[in-house]
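Next come the chains, spelled out residue by residue.
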Amino acid sequence: MKKVLQLALGILAAIGGFVDIGELVFNVQAGASFRFSLLWAVVVGVIGIVVYAEMSGRVAAVSGRPVFDVVRMRMGLNVGLVTLVSSLLINLITLAAEVGGAAIVLQLLLNFKIATMIVLATSALVLIVYFVPFDGIERIFGYMGCGLLIYLVAAIHFKPDWHHVAQGFVPSWHSSALYDYFVVGVIGSAIAPYEVYFYSSGGIEDRWTAKDVNFNRINTVLGFVLGGVLSIALIMVSAEVFAPLHISPGYLGTTALGAERAYGQIGLLLALLGMLFAVGGAAVECAFSGAYSVSQFAGWEWGKYRRKRDAPRFTLTWMIFFALAFGVVESGVDPVQLTEYAVIFSAVALPLTYFPILLIARDRTYMGEHVNSVMSNIVGWLYFVILLLISAAAIPLMIITHGGAS
Amino acid sequence: VKATTSMSTASGAGLCGRAKQGPGVASPSASNAVWRPLPPSPACRPACRDETPRRPWGRYPSVGRDAVRPTDARPARLACLGMTTGGLATVARSAVAPVRWNGTRRGQLGMLSVARRSIIAGCVLVALATCVAGCGLDHRLQVRVGLEQLTSISAEAALMADDLMRGRTTTTFIRVHGNELSAQAEHEAEKLNDDSIPRGLEGRVQVAIKLASDISGAIGDFVTAPQDRAGVRQDRAKLRGWSAQVNRLAESI
């Protein structure tokens, strides 16, 4: 029973983390612009996050060290500091986008002014994080975020041409910078570094030990594959509903409209609730990731499982993160635009996060019998090369396509 | 007492190994040698006595769960890093302080640390990318992108009107999302009006501006009176037609 409950960590990571505002924006835009032809990019992203989240979870379970501790230890102070600063900036942008996204969804549900909704969303998130224990947060956001499964049902409801869908899983190259931009965006949003920071630190919060290595493996595969299936469903719904009409989704309301077209009011409400909790869960993950990163880097006491007075700087850090994100969103920045920047910039920082994990996970001296298998090493290095390519291409593609505008 | 015990039993894991390099200086060739810790306090020394040979990436001898956990290592770390009071601020100050390479006179080079340069370079790159990505579309392309946006808004509004007519949506959703689309259509009209018009496109841009206003108005109509099904039906038909018309305009550019 305990193990089943622990699977909530995977579900939270999948729905609240994997399907966040980045997925809701990039995947829907990708489906509307290129129909099914970017489905393979989701698969690439999902395998990547499964491989590296499994490694980071295994390192956390075996050694009790989360990702940022590993980064700090393996890469030294200077590179660690660069990774810390870049990850904090990206976390902040992402958190602002998630909080803004939650406010927009609340507005679509309640029709109050957006400024009021931002206050409501931020306050609700801070209160939940402050008062609810870690496993409670997992359950609230993990289970309620399952409303997004409506997209899976809707994707089938639209009776897509399965032959074309299958073709979408075969990588294809277009001579279009916009296509490449979306490849980077779809993979980048799937393999966002904050998910791994949160996942490995969450493993320590859940007190994983070496006995939990297999559980970690099941967790990552099930959780992230579920998230990946939802991403695929988002692309399919968008390809069926928006692409034929030349609709270019630029709002979260447009994403909800896809579910409404299939199941009317019920579809709309399930989609909006699912989006609210998925985006809210991702906001919690981002705030925690930022606080975990700073605390682990500085050697402070950290963890939600500790009493607030035992980890005061950790508590203060996530609160500061929420406050900063609140300020950013209240300034009137478009959360969807912010999401695009967050995903592209996080793609640039991918190698800094994943390289130390790979080094530790393949180190027998450190990992003992739980060291990477030959296959894990091959896949890990292969993905590291892919991450380098994505990282190098992200900014030039953003400039060439004017942020995906052309 | 517990902290002291864990510190003394730790076999040099974590950052303590770096203290062996000695205070104040570091070799530029070693990958993690840029760290310049303050002299370790006497209390820290047992934990810092790491005799294990280190590889370029560093080799930490503690395996598995014997490794010092971050929280257990904290007192040792704090002492080793001289972070007894300053926390992260000390780390940051230390990182951005001028590096003194071995063999040079004190203060001779005063060069920026790798971290500081990387962070500055990263910030400049991000700022440049943001600026360049956000602007600089050529005028013709800008008009085309604007028209594509109008096509999208009109088609989406037609879908919403269709759902509204069939009672498959909520009034709240229609009002909030409809207002977003209507405002965006107006914004596109303003952009088309304000931007300099490329030669040969004057007529098409004028038509597009008129259509943008019409689209915004039609959305405003069904947002204001969602219960008027006959009106919504008319709006749906008009929006569909305008979407096709703007799309043709966009493709002609």
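How each quantity is defined
Counting starts from 1 at the beginning of each chain's written sequence and moves along it residue by residue. Here the convention is simple: chains get letters from A, ligands get numbers from 1, in the order in which they are written. With the structure being a predicted model, the display of local features is reserved for residues of pLDDT at least 70 and the display and counting of side-chain atom pairs for 80 or more, all residues being used for whole-chain, interface and lining totals. Side-chain descriptors were evaluated using all non-hydrogen atoms of the structure, hydrogens and water having been removed beforehand. Secondary structure elements are defined from DSSP: runs of H or I of at least 4 residues count as helices, runs of E of at least 2 residues count as strands, and each element is numbered from the N terminus. Taken over C-alpha atoms, the radius of gyration is set against a globule rule of 2.2 Å times the number of residues to the power 0.38. For the exposure calls, accessible area comes from a 1.4 Å probe over protein chains only, and a residue counts as buried if that area is under 20% of its type's maximum, exposed if over 50%, partly exposed in between. All accessibility values rest on the Shrake-Rupley procedure with a 1.4 Å probe; residue burial counts only the protein chains present in the view. Lines fitted to the C-alpha atoms define the axes, with helices restricted to the stretch that makes contact. Angles between their N-to-C directions range from 0 to 180 degrees. Every angle not falling under 35 degrees, over 145, or within 65 to 115 is termed oblique; those three ranges are roughly parallel, roughly antiparallel and roughly perpendicular. In what follows, residue pairs with any heavy atoms lying within 4.5 Å of each other are defined as contacts. Lys, Arg, Asp and Glu make up the charged group, whereas Ala, Val, Leu, Ile, Met, Phe, Trp, Tyr, Cys and Pro make up the nonpolar group; the residues left over, Gly among them, are polar. Count a disulfide wherever a pair of cysteine sulfur atoms falls within 2.5 Å. In this description, a nonpolar core means a group of buried Ala, Val, Leu, Ile, Met, Phe, Trp, Tyr and Cys residues linked to one another through side-chain atoms lying within 4.5 Å. Multiplying 1.5 Å by the residue count of a helix minus one yields the expected span of that helix. Each cavity reported here is a set of points on a 1 Å grid over the protein atoms alone in which a 1.4 Å probe fits but cannot get out, each pocket an open set with protein on both sides within 12 Å along at least five of seven lines, and each lining residue one with an atom within 4 Å of a point. Grid points are joined across faces, edges and corners, and a volume is the space filled by probe spheres set on the points. In this scheme, a crossing is called left-handed if the near helix is turned counterclockwise away from the far one by less than a right angle; it is called right-handed if the turn is clockwise. Whenever a nitrogen or oxygen atom comes within 3.5 Å of another N or O atom, the pair is scored as a polar contact, on the condition that within protein one atom can donate a hydrogen and the other can accept it, and that pairs from neighbouring residues in sequence are kept only if both atoms are in side chains. Aromatic rings from Phe, Tyr and Trp, taking only the six-membered ring of Trp, are treated as a pair when their centres fall within 6.5 Å; an angle between ring planes under 30 degrees marks them as stacked, one over 60 as edge-to-face, and anything in between as tilted. Here, over-ring charges are defined by two tests on the NZ atom of lysine or the CZ atom of arginine: distance to the ring centre within 6 Å, and angle to the ring normal within 35 degrees. What makes a salt bridge here is a side-chain nitrogen of Lys or Arg within 4 Å of a carboxyl oxygen of Asp or Glu, nothing more. For every residue, the predictor states its confidence as a pLDDT score lying anywhere from 0 to 100.

Trainee: Tell me about the overall build of chain A, residues and numbers included.
Mentor: Looking only at helices and strands, chain A has 17 helices and zero strands in total. The C-alpha atoms of chain A give a radius of gyration of 20 Å, which matches the 22 Å a tight globule of 406 residues would have. Once the C-alpha set of chain A is aligned to its principal axes, its extents read approximately 55 × 45 × 45 Å. Buried positions account for 67% of the 406 residues belonging to chain A.

Trainee: Give me the overall build of chain B: which residues, what numbers.
Mentor: Scanning chain B from N- to C-terminus turns up nine helices and zero strands. Ordered by position in the sequence, the α and β elements of chain B form the string α-α-α-α-α-α-α-α-α. The buried share of chain B, taken over its 253 residues, is 45%. As presented, chain B carries roughly 12,400 Å² of accessible surface, and 56% of it is formed by carbon and sulfur atoms.

Trainee: Which residues make up the packing of helix α10 (residues 193-205) of chain A against helix α12 (residues 252-298) of chain A, and what values go with them?
Mentor: Residues and elements named next belong to chain A. Here α10 crosses α12 at 75°, and the two axes come no closer than 9 Å. Classed by the angle they form, the pair α10 and α12 counts as roughly perpendicular. Taken together, the residues of α12 that come into contact with α10 (itself represented by Y194, E195, Y197, F198, S201 and E205) are A282, E285, C286, F288, S289, Y292, S293 and Q296. Here the residues of the contact of α10 with α12 sort into seven nonpolar, four polar and three charged.

Trainee: Outline unusual backbone geometry, supporting the account with residue identities and numerical values.
Mentor: Residue and element names in this part refer to chain A. Although it is not a glycine, R35 sits at a positive phi angle of roughly 45°. By secondary structure assignment, the location of R35 is in the loop between α2 (21-34) and α3 (39-63). The exposure class of R35 is partly exposed, given its relative accessible area of 35%. The backbone of K159 sits at a positive phi, close to 45°, despite the residue not being glycine. The residue K159 is located in the loop between α7 (149-157) and α8 (162-168) in this model.

Trainee: Give me the lowdown on the state of the cysteines, citing residues and values where you can.
Mentor: What we call a disulfide is simply a covalent bond connecting the sulfur atoms of a pair of cysteines. Enumeration according to the criterion identifies zero disulfides over all chains in this entry. Of all cysteine sulfurs in the structure, the one in C286(A) sits closest to C146(A), which takes part in no disulfide; the separation is 19 Å.

Trainee: Which residues make up the nonpolar core, and what values do they have?
Mentor: Residues Y52(A), Y151(A), F288(A) and F222(B) are the most contacted members of the largest nonpolar core, which totals 193 residues. Here the element with the most residues in this core is α12(A); it accounts for 24 residues. The residues touching Y151(A), leaving out its near neighbours within four places in the chain, are A233(A), L234(A), V237(A), T255(A), A256(A), A259(A), A271(A) and M275(A).

Trainee: How would you summarise helix α15 (residues 350-361) of chain A if you had to cite specific residues and measurements?
Mentor: Owing to its 3.6 residues per turn, the α-helix aligns residues three or four sequence positions apart on the same side. Residues and elements named next belong to chain A. Taking 1.5 Å as the rise per residue, α15 with twelve residues should run 16 Å; its terminal C-alpha atoms sit 17 Å apart, in good agreement. With respect to burial, α15 is a largely interior element, eleven of its twelve residues being buried. Those residues of α15 not exposed but buried are L350, P351, T353, Y354, F355, P356, I357, L358, L359, I360 and A361.

Trainee: Tell me about empty space enclosed by the protein, and please be specific about residues and values.
Mentor: Residue and element names in this part refer to chain A. Counted by the stated rule, this structure contains nine cavities of 30 Å³ or more. In this model, the largest cavity occupies a volume close to 150 Å³. Broken down by element, the lining of the largest cavity gets its largest block of residues, five residues, from helix α4 (residues 67-110). Split by residue class, the lining of the largest cavity holds nine nonpolar, nine polar and two charged. A volume near 50 Å³ is recorded for the second largest cavity. Residue lining of the second largest cavity: V129, G303, K304, R306, R307, K308, A311, F314, T315 and W318, and that is the complete set. It is helix α13 (residues 312-330) that provides the largest number of residues to the lining of the second largest cavity, a total of three residues. Of the residues that constitute the lining of the second largest cavity, the class distribution is four nonpolar, two polar and four charged.

Trainee: Give me the packing of helix α6 (residues 139-165) of chain B against helix α9 (residues 229-251) of chain B: which residues, what numbers.
Mentor: All names here are of chain B. Direction vectors running N to C along α6 and α9 enclose 155°, while the axes themselves pass 8 Å from each other. In terms of axis orientation, α6 runs roughly antiparallel to α9. Considering the relative orientation of α6 and α9, their crossing is left-handed. Of the residues contributing to the contact of α6 with α9, the split by class is 14 nonpolar, four polar and eight charged.

Trainee: Describe the environment of K210(B), naming the residues involved and giving the relevant values.
Mentor: All names here are of chain B. Here K210 is to be found in helix α8 (residues 202-224). Residues K210 and I197, 13 residues apart in the sequence, show an inter-C-alpha distance of 15 Å. Engagement of the side chain of K210 in a polar contact is seen with the side chain of D214, the distance being 2.9 Å.

Trainee: Give a detailed account of the packing of aromatic side chains, specifying residues and quantitative values.
Mentor: All names here are of chain A. As enumerated under the stated definition, the model contains 27 aromatic pairs over all chains in all. The interplanar angle of 70° and the centroid separation of 5.6 Å between the aromatic rings of Y199 and W208 together place this pair among those described as edge-to-face. Residue classification places W208 among the buried residues on the basis of a relative accessible area of 2%. For the pair W381 and F384, a centre-to-centre distance of 6.0 Å together with 90° between the ring planes defines the contact as edge-to-face. One end of the pair is W381 and the other is F384, both in helix α17 (residues 374-400) and three residues apart, which spans about a single turn. F384 sits in the buried class, given a relative accessible area of 11%. Ring pairing ties together the aromatic residues Y130, F131, F134, F198, F288, Y292, W302, F314, W318 and F322, which thus form one cluster. For the cation-ring pair, K308 lies above Y130, with the distance from its terminal atom to the ring centre recorded as 4.6 Å.

Trainee: Tell me what's going on with the pattern of salt bridges, and back it up with residues and numbers.
Mentor: One pass over the full model with this rule turns up 16 salt bridges over all chains. Notably, a salt bridge pairs R240(B) with D162(B), separated by 4.0 Å at the nearest N-O pair. Within this pair, whereas R240(B) is found in helix α9, its partner D162(B) is found in helix α6, the two being separated by 78 residues in sequence. For R240(B), a relative accessible area of 46% puts it in the partly exposed group. The buried category is assigned to D162(B), whose relative accessible area is 7%. Several salt bridges share partner residues, and in doing so they unite R261(A), D162(B), D163(B), R166(B), R168(B), R236(B) and R240(B) into one network.

Trainee: Quick rundown of the confidence of the model for chain B? Include the residues and the values.
Mentor: Looking at chain B as a whole, its pLDDT mean stands at 65, while 46% of the residues score no less than 70. Two numbers describe this predicted complex: its pTM, 0.79, and its ipTM, 0.88.

Trainee: Which residues make up α9(B), and what values go with them?
Mentor: All names here are of chain B. The end-to-end C-alpha separation of α9 is 33 Å, in line with the 33 Å expected for 23 residues at 1.5 Å each. Residues of α9 that are buried include every one of G231, V232, D235, R236, L239, W242, S243, V246, N247, L249 and A250, and no others. Buried residues in α9 make contact with α6 and α8.

Trainee: Talk me through the environment of G202(A); I want residue IDs and the actual numbers.
Mentor: Residues and elements named next belong to chain A. With respect to the helices and strands, G202 occurs in helix α10. We classify G202 as buried; its relative accessible area is 0%. For the pair formed by G202 and Q337, sequence separation is 135 residues and the distance between their alpha carbons is 29 Å.

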